[in-house]
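# Observations on the three-dimensional arrangement
As a plain string of letters, each chain reads:
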Amino acid sequence: MPTDNTTANPAIKAPIVRFAPSPNGLLHVGHARSALLNWHFAKAHGGRFLLRIEDIDITRARPEFEAAIFEDLGWLGLDWPAPVRRQSEHFAEYEAALGELRKLGLIYPAFLSRAETTARISEIEATGRVWPRDPDGAPHYPGEDRNLSASERAQRIAAGAPHAWRLDMQAVLDGLGSDLSWSEYGSGPSGETGDIRAGPGAWGDVILARRDVPASYHLAVTLDDAIQNITDVIRGEDLFAATSVHRLLQHLLGLPAPRYHHHGLVRDGTGRKLSKSDGSTSIASLRQQGASREDILAQAGMTV
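For the structure given in this document, a descriptive report is provided here. Nothing here was measured: the structure is a model prediction, and the numbers come from that model. Residue positions are counted from 1 within each chain, in the order its sequence is given. The predicted origin of the model limits local features to residues at a pLDDT of at least 70 and limits the giving and counting of side-chain atom pairs to 80 or more, whereas totals for whole chains, interfaces and linings rest on all residues. Calculated side-chain values reflect all of the structure's heavy atoms, with hydrogen atoms and water omitted.

### Concerning the packing of helix α3 (residues 91–103) against helix α8 (residues 243–253)
To get an axis, a line is fitted to the C-alpha atoms, and for a helix only the part in contact is used. The angle between two axes follows their N-to-C directions and goes from 0 to 180 degrees. Each helix corresponds to a stretch of at least 4 residues labelled H or I by DSSP, and each strand to a stretch of at least 2 residues labelled E; elements are numbered beginning at the N terminus. Relative to each other, α3 and α8 sit at 75°, their axes nearing to 10 Å. Taken together, the axis directions place α3 and α8 in an arrangement best described as roughly perpendicular. Listed contacts from α8 to A97, E100 and L101 of α3 are L249, L252 and L253. Charged means Asp, Glu, Lys or Arg here, nonpolar means Ala, Val, Leu, Ile, Met, Phe, Trp, Tyr, Cys or Pro, and polar covers whatever is left, Gly included. Of the residues belonging to the contact of α3 with α8, the class tally is 5 nonpolar, no polar and 1 charged. Any angle between 65 and 115 degrees counts as roughly perpendicular, while under 35 counts as roughly parallel, over 145 as roughly antiparallel, and the rest as oblique. In what follows, a contact means two residues having at least one pair of non-hydrogen atoms within 4.5 Å.

### Concerning the environment of V213
Here V213 is to be found in the loop between β8 (207–210) and α7 (217–227). Under the relative-accessibility criterion, V213 is labelled buried at 12%. A C-alpha to C-alpha distance of 6.7 Å links V213 and D57, two positions 156 residues apart in sequence. Each residue gets one of three labels from its accessible area relative to the maximum for its type: buried under 20%, exposed over 50%, partly exposed in between, using a 1.4 Å probe on protein chains only.

### Some words on α3
Helical geometry: 3.6 residues make up each α-helical turn, so side chains three or four residues apart lie on a common side. In this model α3 runs 18 Å from its N-terminal to its C-terminal C-alpha over 13 residues, within 8% of the 18 Å that 1.5 Å per residue would give. Of all the residues in α3, the buried ones are Y94, A97, L98, G99 and L101. If you follow the buried residues of α3, they end up packed against β3 (85–86), β4 (107–110), β5 (164–167), β8, α7 and α8. Where α3 ends, the next residue or the one after it, G105, has phi of about 70°, a positive value. By definition here, a helix of n residues has an expected span of 1.5 Å times n minus one.

### Some remarks on the environment of I296
When you line up the elements, I296 lands in helix α10 (residues 293–299). Once the C-alpha coordinates of I296 and G30 are considered, the two residues, 266 residues apart in sequence, prove to be 9.9 Å apart. Every residue in contact with I296, bar those within four places of it in the chain, is listed here: V29, A32, W75, L76, L286 and A291.

### A short note on the packing of aromatic side chains
Under the pairing criterion, centres of Phe, Tyr and Trp rings, with the six-membered ring standing for Trp, must be within 6.5 Å; the plane angle then separates stacked pairs below 30 degrees from edge-to-face pairs above 60, leaving the rest tilted. A full pass over the atoms with the stated rule returns 4 aromatic pairs. When the centroid spacing of 6.4 Å and the interplanar angle of 70° are considered together, the rings of W182 and Y260 count as edge-to-face. Of the two residues, W182 sits in strand β6 (residues 181–184) while Y260 sits in strand β10 (residues 259–263), which places them 78 residues apart along the sequence. For W182, a relative accessible area of 3% puts it in the buried group. Residue Y260 is classed as buried on the basis of its relative accessible area of 1%. Members of the aromatic cluster, connected to one another through ring pairs, are W182, F240 and Y260. For R156, the ring lying beneath its charged end belongs to F111, and the centroid distance is 4.2 Å. A positively charged side chain is recorded as over a ring if its NZ (Lys) or CZ (Arg) lies within 6 Å of the ring centre. The angle to the ring normal must also be within 35 degrees.

Below, the structure is given as structure tokens:
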């Protein structure tokens, strides 16, 4: 059973949970922990454990990494119903959701490149002004092009100008009318638990889609969870702050809000969370070095 107290909510009946890795690298021990916590939770409550492949970024997704995901999870003893949901097969659903937000006037095409955005913010900060940053440390988008007229936007898009679709956060907050919250029975990085007030404004005008990718992580994961009837989202505490954006999108699109359980991360010897870029911590690498399933469970902070 998990050691992260995912059975703390006795009122839950027949939950549906998911593990949703991206096939852009090998799974590491931190992924094993999250997958196992979800799987054990579903088994403990007579629910369902779903595997979802988050391959919305088709330029980085690789079939060999998807195959490795299936192999590693099967080796850990997990099972799931087929077929799995692959984001790359559902672009039309994301585009439809984006269209709804466009009709509401809540998104706008943002034309500044990353380099242009960085340069613009550097100019502003050179004057002594403190520029806001999101919970991940990235600077807020300047948003100057949110004031372009409809005809100007259309002309630039027709001309092939690269752009992303961003949420007009201030417009959304102005029309919100009431506070949003979510039910947290895990905890955030600072121990936050219980009824959590969402603070999506901290993220600024988040990207919801790019010209070549019809959905960002935020939009895709929110829609996927609703379509798959996910009742409980069990994931790492590094995504705790992002839940504010997901809760906002649920509200705007009229989607149900699942319960959330954010769990502690598996960290390396320096205290940093594990990364796919560090191949030495991958499950495949550890298996090749002779690690047993019990060894992986122990490193993931789990019990057999």
